[in-house]
Amino acid sequence: MERYYFFILFGYLSGSILFARLLPKYLRHIDICELSEDNNPGVFNAFKHAGPVIGSMTLLLELAKGFLPVHVGLQLLDPRNTLFALVLAAPVFGHAFPLFRPKEGGKSIAVSFGCLLGLFPDLAPVCTLAAFYLLFSAVIIIEPHLVRSIVTYLCFSLMTFRYSAPRPVILGALVISGIVIFKHLVKFEKEPVSIRLIRRNR
């Protein structure tokens, strides 16, 4: 059991490193949380306020901090053990509620992709999540992005029940969705927005 607890802690601490805040702060001497409208330490704001180079670095590191603990854990642990669900979700929880700034975490979108990529060679979960994002971004466009993310992760949650993966993997994917949706709902309550649905003409 100690191995599972180690990787849960490893994932949480890895997720707690907010690269979207640290890289712009130390490389550009700016605080993207102060500059952005939503005060979110996320990849989008890193691109918007710190530029494409730092934004790309941030994206890669955010993916990596989810991928590394999960993928290494997958090699050393049994994904059929219930605790593996927490190993899968720990980096997302760490990003949403970081160790030293629990009330200033991000929405955890990029790191959630990293965690699901960590299940490689099983890419069905991450491909499903990406497909829903594309659907609601290019075909049936849901605006604003805040609502689009909530709908995307709700649909992803429903699809997890169709996976042939071990139950802890499915449970971990549901926990990830729950965390991301919760973080977006909190933001939604603070800043009510008007929802628009646009059907892309062929």
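Higher on the page you've got the structure.
On a predicted model such as this, the values are computed, not experimentally measured, just so you know.

A.B. asks: Can you walk me through the packing of aromatic side chains in this structure?
C.D. replies: Two descriptors summarise a pair of aromatic rings, namely the distance from one centre to the other and the angle between the planes of the rings. This model, assessed by the stated rule, comprises nine aromatic pairs. For the pair F6 and F10, a centre-to-centre distance of 6.1 Å together with 35 degrees between the ring planes defines the contact as tilted. Here F6 and its partner F10 are both found in helix α1 (residues 2-15), four residues apart, which amounts to about one turn of the helix. Between F132 and F136 the ring centres are 6.2 Å apart and the planes differ by 10 degrees, which places this aromatic pair in the stacked class.

A.B. asks: Looking at this structure, I do not really get the side chain of T128. What am I missing?
C.D. replies: Among the secondary structure elements, T128 is positioned in helix α8 (residues 124-139). Engagement of the side chain of T128 in a polar contact is seen with the backbone oxygen of A124, the distance being 2.7 Å. If we ignore the near neighbours within four places in the chain, the residues touching T128 are F156, M159 and Y163.

A.B. asks: Would you mind showing me how to read unusual backbone geometry here?
C.D. replies: Residues apart from glycine generally show negative phi values, whereas peptide bonds are mostly found in trans. Of note, the bond from F120 into P121 is cis; its omega dihedral lies within 30 degrees of zero at 20 degrees. On the secondary structure map, P121 appears in the loop between α7 (109-117) and α8. The residue after E143, namely P144, is reached through a cis peptide bond having omega 0 degrees. Its location among the elements puts P144 in the loop between β1 (140-143) and α9 (145-159). In this structure, H29 is a non-glycine residue whose phi angle is positive, near 60 degrees. Assignment of secondary structure puts H29 in the loop between α2 (19-28) and α3 (32-35). Look at S108: it is not a glycine, yet its phi comes out positive at around 75 degrees. Classification of S108 by relative accessible area gives buried; the value is 2%.

A.B. asks: What am I meant to see in the state of the cysteines here?
C.D. replies: The final tally for this structure, using the stated rule, is zero disulfides. Free of any disulfide, C33 has its nearest neighbouring cysteine sulfur in C115, separated by 20 Å. The thiol sulfur of C155 is not disulfide-bonded, and the nearest other cysteine sulfur, from C127, lies at 17 Å.

A.B. asks: Sorry, what's going on with the pattern of salt bridges here?
C.D. replies: Side-chain pairing between opposite charges can occur once the charged atoms of the two side chains come close. Tallied over the full model, the rule gives four salt bridges. Between R21 and E104 there is a salt bridge; the shortest N-O distance is 3.1 Å. Highlighted residues: R21 in helix α2 and E104 in the loop between α6 (84-96) and α7, separated in sequence by 83 residues. Residue R21 is classed as buried on the basis of its relative accessible area, which comes to 11%. By relative accessible area, which is 36% here, E104 ends up partly exposed. In this structure, E62 and K65 form a salt bridge, with 2.9 Å as the shortest nitrogen-oxygen distance. Of this pair, E62 and K65 both sit in helix α5 (residues 52-76), three residues apart, which is roughly one turn of the helix. Of the two residues, E62 and K65, both sit in the buried class. A single salt-bridge network, built from bridges that share partners, covers R21, R101 and E104.

The rules behind each value
Residues numbered from 1 in each chain as written. Predicted model: local features only at pLDDT ≥ 70, side-chain atom pairs only at ≥ 80, totals over all residues. Heavy atoms only, no water. Phe/Tyr/Trp six-rings, centres within 6.5 Å; stacked < 30°, edge-to-face > 60°. Helix = DSSP H or I, 4+ residues; strand = E, 2+ residues; numbered from the N terminus. Polar contact = N/O pair within 3.5 Å; in protein donor to acceptor, adjacent residues only side chain to side chain. Contact = heavy atoms within 4.5 Å. Buried < 20%, exposed > 50% of the residue type's maximum accessible area, 1.4 Å probe, protein only. Disulfide = S-S within 2.5 Å. Salt bridge = Lys/Arg side-chain N within 4 Å of Asp/Glu carboxyl O.

In short, geometric facts, not functional conclusions.
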